[in-house]
Amino acid sequence: MIDEPLFCLSEATGSDVHKKIRAAFEVFDYESNNTVDAREIGTIIYSLGCFPTQADLHDFTAEVEEGHTGYIHLDKFLPVMTKVLLENNMKAITLCFQVLDKEKKGYLEPEDLTKYMTQEGDVFTQEEMDEMLTALVDHEKNLIYYKDLINLLTIDPDM
């Protein structure tokens, strides 16, 4: 369905994602019956920070629309949109690590991550880095396997 790497950016917790989706949906639920006009779905999705193609939007609407009635119920929209947001959050985090992993090894060396995190953007202190590395580094190989880390940091969208 919607599989562009940066289709949307989202929070990392399921309850935050649900709150955000509900709030966006409720803006267009004019009759307060947990239902919106299918023509509003694009605007709702855009308000969530997602920018699908028209084809993706059409496929998404077809998946969540109530029997071609022109209406979409929150109960159908919420799980599908939650899955999209969480999957894309995981893709965005993976992409960030892949940018740092220039040689595409699947891991980062602690020294390299320390360099990035203490010299670029919002810098961390050495004490913060030491604490972070204690949790992140595979102590047998002294490497940070970021795919394992991403799995720990993100929520399974199928939960």
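Residues numbered from 1 in each chain as written. Predicted model: local features only at pLDDT ≥ 70, side-chain atom pairs only at ≥ 80, totals over all residues. Heavy atoms only, no water.

Chemist: I tried to follow a negative patch on the surface on my own but got confused; where do I start?
Modeler: On the surface, Glu127, Glu128, Asp130 and Glu131 cluster together into a patch of negative charge. Assignment of secondary structure puts Glu128 in helix α6 (residues 126–136). (Patch = residues over 30% accessible without salt bridge, like charges linked within 9 Å, V, L, I, M, F, W, Y side chains within 5 Å. Areas by Shrake-Rupley, 256 points an atom, 1.4 Å probe, with all protein chains shown as cover. Salt bridge = Lys/Arg side-chain N within 4 Å of Asp/Glu carboxyl O. Lys, Arg positive; Asp, Glu negative; His and termini not counted. Charge placed at Lys NZ, Arg CZ, Asp CG, Glu CD. Helix = DSSP H or I, 4+ residues; strand = E, 2+ residues; numbered from the N terminus.)

Chemist: Teacher, can you tell me more about helix α5 (residues 110–119) here?
Modeler: At 3.6 residues per turn, the α-helix brings residues three or four places apart onto the same side. Among the residues making up α5, those that are buried are Pro110, Leu113, Thr114 and Tyr116. Considered in projection along α5, the buried side chains sweep an arc of 165 degrees and stay on one side of the axis. Tucked into the core, α5 has its buried residues touching α4 (74–100) and α6. After α5 finishes, the residue Gly121 shows a positive phi value of roughly 60 degrees. (Buried < 20%, exposed > 50% of the residue type's maximum accessible area, 1.4 Å probe, protein only. Arc of directions from axis to C-beta. Contact = heavy atoms within 4.5 Å.)

Chemist: For this particular structure, what's the right way to read the nonpolar core?
Modeler: Within soluble globular proteins, side chains that are nonpolar tend to cluster in buried spots. Of all hydrophobic cores here, the largest spans 24 residues; its most connected members are Ile41, Ile44, Phe60, Phe77 and Met81. Going through the elements one at a time, α1 (14–27), α2 (41–47), α3 (54–64) and α4 are the ones with two or more residues in this core. Looking at this core element by element, the count peaks at eight residues for α4. With near-sequence residues (within four places) excluded, Met81 lies in contact with Ile21, Ile45, Leu48, Cys50 and Phe60. Counting ten residues, the second largest nonpolar core, distinct from the first, contains Leu113, Val137, Tyr146 and Ile150. (Core = buried A, V, L, I, M, F, W, Y, C linked by side-chain atoms within 4.5 Å.)

Take it as geometry only, folks, not as evidence of what the structure does.
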